[in-house]
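Below are the chains, spelled out letter by letter.
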2 protein chains.
Amino acid sequence: MSNGINWYQADLRELKFVLLEQFRYGEIAGRAPFEAWGVEEATAVLEETYRFAREVLGPLNTSGDREGCRLEGGQVITPKGFKDAWRKLYETGFKTVSVRPEHGGQGAPHALQCLIEEILSGANPAFNMYPGLAFGAAELIAECGTAAQVRRYVEKMYNGHWGGTMCLTEPQAGSDVGAAKTIAIKNGDGTYRIRGTKIFISGGDHDLAENIIHLVLARAEDAPAGTKGLSLFIVPKKRINPDGSAGQSNDVQVGSIEHKMGINGSATCVLNFGDNDQCIGELVGGVENAGMSQMFRMMNGARIAVAVQGLGVLSTAYLNALAYAKERKQGAHFKFWKDPNRPRVAIVEHPDVRRMLLEMKAVTEGIRALLVKLTTHLDRSRQLAGVDDPKATYHRGQVELLTPIVKSYSSDAAFRLSAQAIQVYGGAGYLKDHPVEQCCRDAKIFSIYEGTNHIQAMDLVGRKLGQAGGAHFQDFMRDIGEFVAQHRANPRYGSAVEALAAAQESIMQSAMVFFGWSQSDKLHLIPLNANRFLSLMSELAIGWLLLDAALIAETALESLPATHSDRPFYEGKRWSALWFARNVLPDVEHGAKLIAAEDSSPVEIPLEAFSTH
Amino acid sequence: MSNGINWYQADLRELKFVLLEQFRYGEIAGRAPFEAWGVEEATAVLEETYRFAREVLGPLNTSGDREGCRLEGGQVITPKGFKDAWRKLYETGFKTVSVRPEHGGQGAPHALQCLIEEILSGANPAFNMYPGLAFGAAELIAECGTAAQVRRYVEKMYNGHWGGTMCLTEPQAGSDVGAAKTIAIKNGDGTYRIRGTKIFISGGDHDLAENIIHLVLARAEDAPAGTKGLSLFIVPKKRINPDGSAGQSNDVQVGSIEHKMGINGSATCVLNFGDNDQCIGELVGGVENAGMSQMFRMMNGARIAVAVQGLGVLSTAYLNALAYAKERKQGAHFKFWKDPNRPRVAIVEHPDVRRMLLEMKAVTEGIRALLVKLTTHLDRSRQLAGVDDPKATYHRGQVELLTPIVKSYSSDAAFRLSAQAIQVYGGAGYLKDHPVEQCCRDAKIFSIYEGTNHIQAMDLVGRKLGQAGGAHFQDFMRDIGEFVAQHRANPRYGSAVEALAAAQESIMQSAMVFFGWSQSDKLHLIPLNANRFLSLMSELAIGWLLLDAALIAETALESLPATHSDRPFYEGKRWSALWFARNVLPDVEHGAKLIAAEDSSPVEIPLEAFSTH
């Protein structure tokens, strides 16, 4: 039951497998710049995070959803228990595991932080947005701020003393960020007066921390139109005193909070800056018109964070549905369905329920592998910078390429498969007595915020495929090609590997089709097919990583005694990979054919033909 | 905005097209047994229903969702305005349009009632469940009850004087209906004392009508186990006085009401029958152990009604998303996306938004066509009974075959495409300020109740395909075959018709594959692939009906002047059909290959391998 204290579940064995066995955390751990973080430290912190998530965050997930946030005297009040959980969370240090020591952090790899965040978001996605945004904003200032800004803000934001937000969207400027009208007027002392309205600001106000540091995209006087003229400003909710403490109000007003389908524990605010012309901001890094590229540093992290959120919610939906399916008895074995004298069985024995669960298992594991791969690339690129720069560049390129893919695929899967979890429960899943309907409501926003999934798809086909002369894409394909060459003769997996090879070939062809369109008068076919191409790329990536995991598992099985308790886990890897290879990988070839067919009906239909209104 | 009085929209031109032009309502109208209902009467009632839905039901959809139902002193209180709407609805006579005159109805075809119900459910799906269940229960008593039962109950239930329910599910008996434990003990006077608990009872109690007539599946003393031993009882909430009025309480208690993801205006009740052993029921038709076949008469109607609900909600989501997309400006034309000096355009100009909308349009129209086809078969079978019995049998067979298909496809599409409507809106769609998030929440239950979609799929592959020696399926395929033969040379639609033919061929092969499994030791592959087969059958049916509609539209276009206001509507039919033929029909061949591949991984994976818990 969702009100029970321990409804949150994670499969730690699986998390450790992905980190340690599949992505060989041991190779990067314990070495600069991650000296303090060996394998033992990593597994210990995952176990502690899990305990904390079950005891502190999980129990607030349902209550936070039901209670929601409210606005009282211009101040957002978060749901009961959130403030206490915030304090406890920052006491644990989980939010600073991957933060660099010079900012008060513990210097661990990102891949480890990724799994910590999966657990925190899986237990309470709405709550974890507040610290998540503080983290992202701190990271941006750490990377782009002046030395004084770094000193003033970063550590306090990393350690939960202050919160943080990213303020891009305005009523007329959503996907079209460049249409932002918020303005910044020079005060003459290096600071600016900010005036404008921002909407959809997650954690735009809350009662969890002493202060909130807003990062606000605004246009300085006389700056050019569009994204080129946007600058990024640090705008604290309360002005900072000379001693570094939070002082008087900075004329940032909460206009209202939104009422939403889900993530009700997270306050989504309308923020009015400078209604009384008293809102003071300072330029990030002291440079004008660099706002978009600065914001994108946070945005890329935020996109990965949304993928992690999706993974967390999906894993929760899967493991709860699995637990329910093991416990809930209904009907006899399918071969004797109509025989009332046969024993009743748990619904996990019914083939269709099992099919739904195996899909959820495979996709969850595939997304987790893709995220740990991506963050491991990030860690390796850091580790190799200055040591082996070409390799560092390769790793950085894979991060670029995989970010839009994992953001979209994870967010779509989280919603679709949370709905499938409801289906596993049957009518019970539609009730608020169980956690899965909330998973589904919470997950719907993931495909929209931090760049809609179509924005991701356009980023992939319009930017990432051709980035660095196509090197990131070619590297990715080469890695798969090497895997195929190595394993296509495998007796158990040979035909699955062939399916992977066929999918890869289809992606190659589709990429050429897109390239052709970009050189032709068929430009409209690019946005029309971008989402489909992103889906197919995702399926290729997931199919590959599941097969990779299965082959590692097979090797492990060879040396395990027949009664070893790890055997079922490794066997599970086999079935995730085979199910995906047989049921999903063939979609890639099929989808590529649809792309090549060049249907343009959506742009050919006249607007008046959509309805007679 | 969802709170505005006129957010509900239907496209009456399209409804009239499907009824009058595609399914030639004129051929059945005005002739026995539908003498009073010509084309003019039909269009007039659709227009009146639409006006009523916009003015009375639509405005209560949002408020009903927010307020929900509550239990006060053992009585369910429905949301504000529902009682008044109930009274007004029954004053209009819309709910008795297709009811036979001998039961106080107006004797119109079912196809017309189907579209009336689409409008009522589209405006307020939760509200329309109360009269919908009363209707279904009345129909069951009308068909299966004794003459005295028909006299006592039917007219009062059809005219809204009394409500009605169907009570099947128990805590241990959901999909496994035969596990029901509610018992019926003979009183010796022909009546029974009912004892047991039923759950998930839609409209199980409410304050809309003077009485509620429950139809309760229960097991008479000494009846056999399983479904064979179930009898159906009429159990009024208040006992009926000798003069036919509602009298004293009949010991039916509302245990609780459920808190759900959606359809919050519809009270989902736990009902306790006979806690004080004072609950009196009478056998429907006076016969024991006939409960399942009796209940299935209501159930089949209820399954069609769920498909209609799905269509109503989907159409609402589509038309609202379309209206928003026409109005909401964001970004420049995609070719000049980054140019801030280009004019901003409505998002309906963006190819990806248009792609989403065209999919919603095509699927909505396809489901509507399938439902009007199905209900027209029902009407023709009635009209031809005793006149041309083989034809009547053909029509009845198509109703049997298409019921599980349309129930599943419509319910899945309503949920999936309501979520797509949210995506069209972007962040705004996630807010309760707009109606689409509620569409999505409301729609999720449609794939579960009245038989989960897997139950439908098993009904299709396990029963309907082989019913009457396979005649229904063969008739359906023959009809498509004739269409293909007639139109495959059409210059504009030839390749789309070829895609239909290929899909048909694939379905034929898949049906043979299922037949082979049923004769082998691969029985588990049937439930594993049933949902996929049902999806493919649906796509074949929808693809066919969209092409059929398009060809009718082309003929109409030939004789219309270039400036005629109907031209855009007919052109819209063309693009629905072509989009579906190019983007969805090829799925059938692909899906059939996956079926033929006989993957059984979901039953091969050991249970312990799903997770390490």
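Calculation notes
Each chain has its residues counted from 1, running along the sequence as written. As they are written, the chains are lettered A onward and the ligands numbered 1 onward, keeping that order. At least 70 in pLDDT is required for a residue's local features to be given in this predicted model, at least 80 for side-chain atom pairs to be given and counted, and no such filter applies to totals for whole chains, interfaces and linings, which use all residues. Hydrogen atoms and water are omitted, and side-chain values are computed over all heavy atoms in the structure. Secondary structure elements are defined from DSSP: runs of H or I of at least 4 residues count as helices, runs of E of at least 2 residues count as strands, and each element is numbered from the N terminus. Each radius of gyration reported is based on C-alpha atoms, and the globular scaling rule is 2.2 Å times the count of residues to the power 0.38. Categorising residues by exposure relies on relative accessible area from a 1.4 Å probe, with only protein chains included: less than 20% of the type maximum marks a residue as buried, more than 50% marks it as exposed, and the intermediate range marks it as partly exposed. Residue contacts follow a heavy-atom distance rule, with two residues in contact if any of their heavy atoms lie within 4.5 Å. Values of accessible area rely on a 1.4 Å probe in the Shrake-Rupley scheme; residue burial ignores everything except the protein chains shown. By the counting scheme adopted, Arg and Lys are positive, Glu and Asp are negative, and His together with the chain ends is not counted. Charged groups are reduced to one reference atom each: NZ for lysine, CZ for arginine, CG for aspartic acid, CD for glutamic acid. Note on aromatic pairs: the rings of Phe, Tyr and Trp (six-membered ring only in Trp) are paired at centre separations within 6.5 Å, and the planes decide the class, stacked below 30 degrees, edge-to-face beyond 60, tilted for the rest. Over a ring means this: the NZ of a Lys or the CZ of an Arg is within 6 Å of the ring centre and within 35 degrees of the ring normal. Two cysteine sulfurs form what is called a disulfide whenever their separation falls within 2.5 Å. Note on definitions: angles span 0 to 180 degrees between N-to-C directions of axes, and those axes are lines fitted to C-alpha atoms, for helices only across the stretch in contact. Should an angle fall under 35 degrees it is taken as roughly parallel, and over 145 as roughly antiparallel, whereas 65 to 115 is taken as roughly perpendicular and any remaining angle as oblique. Handedness of a crossing is defined here by the sense of rotation of the near helix relative to the far one, left-handed for an anticlockwise turn of less than a right angle and right-handed for a clockwise turn. Under the grouping applied here, Gly and all other residues not named as nonpolar or charged are polar, the nonpolar ones being Ala, Val, Leu, Ile, Met, Phe, Trp, Tyr, Cys and Pro and the charged ones Asp, Glu, Lys and Arg. Two strands pair under a simple rule: DSSP has to find at least two bridges between them. To estimate the expected span of a helix, count its residues, drop one, and scale the result by 1.5 Å. Think of a nonpolar core as a cluster: buried Ala, Val, Leu, Ile, Met, Phe, Trp, Tyr and Cys residues, connected wherever their side-chain atoms sit within 4.5 Å. Alignment of copies: least-squares fit on C-alpha atoms of residues with pLDDT of at least 70 in both copies.

Chemist: Where do I start with the overall build of chain A in this structure?
Modeler: A tally of regular secondary structure across chain A gives 19 helices and 14 strands. The C-alpha radius of gyration of chain A comes to 25 Å, within 12% of the 25 Å expected for a compact globule of 613 residues. Expressed along its principal axes, the backbone C-alpha trace of chain A runs to roughly 80 × 65 × 60 Å. For chain A, buried positions account for 66% of its 613 residues. In chain A, the share of contacts with a sequence separation of at least 24, taken over all contacts with a separation of at least 6, comes to 73%. Accessible area of chain A: about 20800 Å², with a carbon and sulfur share of 51%. Charge-centre separation for chain A: the mean point of 63 positive side chains lies 3 Å from the mean point of 70 negative side chains.

Chemist: Can you help me understand the packing of aromatic side chains in this one?
Modeler: Each aromatic ring pair is described using two quantities: the centre-to-centre distance and the angle formed by the ring planes. Applying the stated criterion to the full structure yields 37 aromatic pairs over all chains. When the ring of Phe415(A) is compared with that of Phe415(B), the centres are 5.4 Å apart and the planes differ by 20 degrees; the resulting orientation is stacked. With Phe415(A) in helix H11 (residues 389-425) and Phe415(B) in helix H11 (residues 389-425), the pair connects residues from two separate chains. Neither residue differs from the other here; Phe415(A) and Phe415(B) are each classed as buried. Counting every residue linked through ring pairs, the aromatic cluster contains Trp7(A), Tyr8(A) and Tyr50(A). Positioned over the ring face of Phe415(A) is Lys444(A), at 5.2 Å from the centre of the ring.

Chemist: What should I look at first to understand the state of the cysteines in this one?
Modeler: Joining two cysteines, a disulfide is a covalent bond between their sulfur atoms. Summed over all chains, the structure comprises 0 disulfides over all chains. Take Cys279(A): it sits in no disulfide, and the sulfur closest to it among the cysteines is that of Cys167(A), at 9.8 Å. Overall, Cys279(A) belongs to the buried group, its relative accessible area being 0%. Lacking any disulfide linkage, Cys144(B) is separated from the closest cysteine sulfur, that of Cys167(B), by 16 Å. We classify Cys144(B) as buried; its relative accessible area is 13%.

Chemist: What should I look at first to understand the packing of helix H9 (residues 291-327) of chain B against H11(B) in this one?
Modeler: For any two helices packed against each other, the geometry is given by the interaxial angle and the distance between the axes. All names here are of chain B. Look at H9 against H11: their axes get within 8 Å of each other, and the N-to-C directions meet at 20 degrees. Here H9 lies roughly parallel to H11, going by the angle between them. You can see that H9 and H11 cross each other, and the crossing is left-handed. Taken together, the residues of the contact of H9 with H11 break down into 17 nonpolar, 6 polar and 2 charged.

Chemist: Is there a simple way to think about the pairing of strand S11 (residues 268-273) of chain A in this case?
Modeler: Residues in a regular strand project their side chains so that they alternate between the two faces of the sheet. All names here are of chain A. Summarising burial for S11: 6 of the 6 residues are buried, a large majority. The alternating pattern of S11 places Thr 268, Val 270 and Asn 272 and Cys 269, Leu 271 and Phe 273 on opposite faces, both of which are buried. In the sheet, strand S5 (residues 191-202) pairs with S11 via 5 bridges, with the strands oriented antiparallel. Considered in S11, the bridge of Thr 197 is made with Asn 272. Relative to S11, strand S10 (residues 252-257) runs antiparallel, the two being bridged by 5 bridges. Residue Ser 256 lies in a different strand from S11, and its bridge partner there is Val 270.

Chemist: Mind showing me how you'd approach H9(B) here?
Modeler: Residues that lie three or four places apart on an α-helix share one face, since the helix turns once every 3.6 residues. Between the first and last C-alpha of H9(B) there are 53 Å, a value that for 37 residues agrees with the 54 Å anticipated at 1.5 Å per step. Burial analysis of H9(B) places 28 of its 37 residues in the buried class, the great majority of the element.

Chemist: Looking at this structure, how should I read the nonpolar core?
Modeler: Nonpolar side chains tend to gather and get buried jointly when the protein is soluble and globular. Counting 361 residues, the largest nonpolar core has Leu112(A), Leu357(A), Leu112(B) and Leu357(B) as the members making the most contacts within it. Setting aside residues up to four positions removed in sequence, Leu357(A) forms contacts with Tyr318(A), Ala321(A), Leu322(A), Ala325(A), Val348(A), Val424(A) and Phe610(B). In terms of nonpolar packing, the next biggest core, distinct from the first, is built from 31 residues, Leu140(A), Val177(A), Leu217(A) and Ile240(A) among them.

Chemist: When you look at the relation of the copies chain A and chain B in this model, what are you seeing that I'm missing?
Modeler: For these two chain copies, the linking operation is a rotation about an axis paired with a shift along it. Note on the copies: chain A fits chain B at an RMSD of 0.0 Å, the axial shift is 0.0 Å, and the rotation between them is 180 degrees. Here the symmetry operator amounts to a two-fold rotation axis. Within chain A, the C-alpha atom positioned nearest to the axis of rotation is that of His590(A), 3.4 Å from it. When the interface residues of chain A are mapped onto chain B, 100% of them are again interface residues, pointing to one common binding face.

Chemist: What is the right way to look at the packing of H11(A) against helix H13 (residues 453-464) of chain A in this model?
Modeler: Residue and element names in this part refer to chain A. Packing of H11 against H13 leaves a shortest axis separation of 9 Å and a crossing angle of 155 degrees. The pairing of H11 with H13 is recorded here as roughly antiparallel in orientation. Crossing hand, H11 versus H13: left-handed. For the pair H11 and H13, the contacting residues are Glu 400, Leu 401, Pro 404, Ile 405, Lys 407, Ser 408, Ser 411 and Asp 412 in the first and Asn 453, Gln 456, Asp 459, Leu 460 and Lys 464 in the second. For the contact of H11 with H13, the per-class residue count stands at 4 nonpolar, 4 polar and 5 charged.

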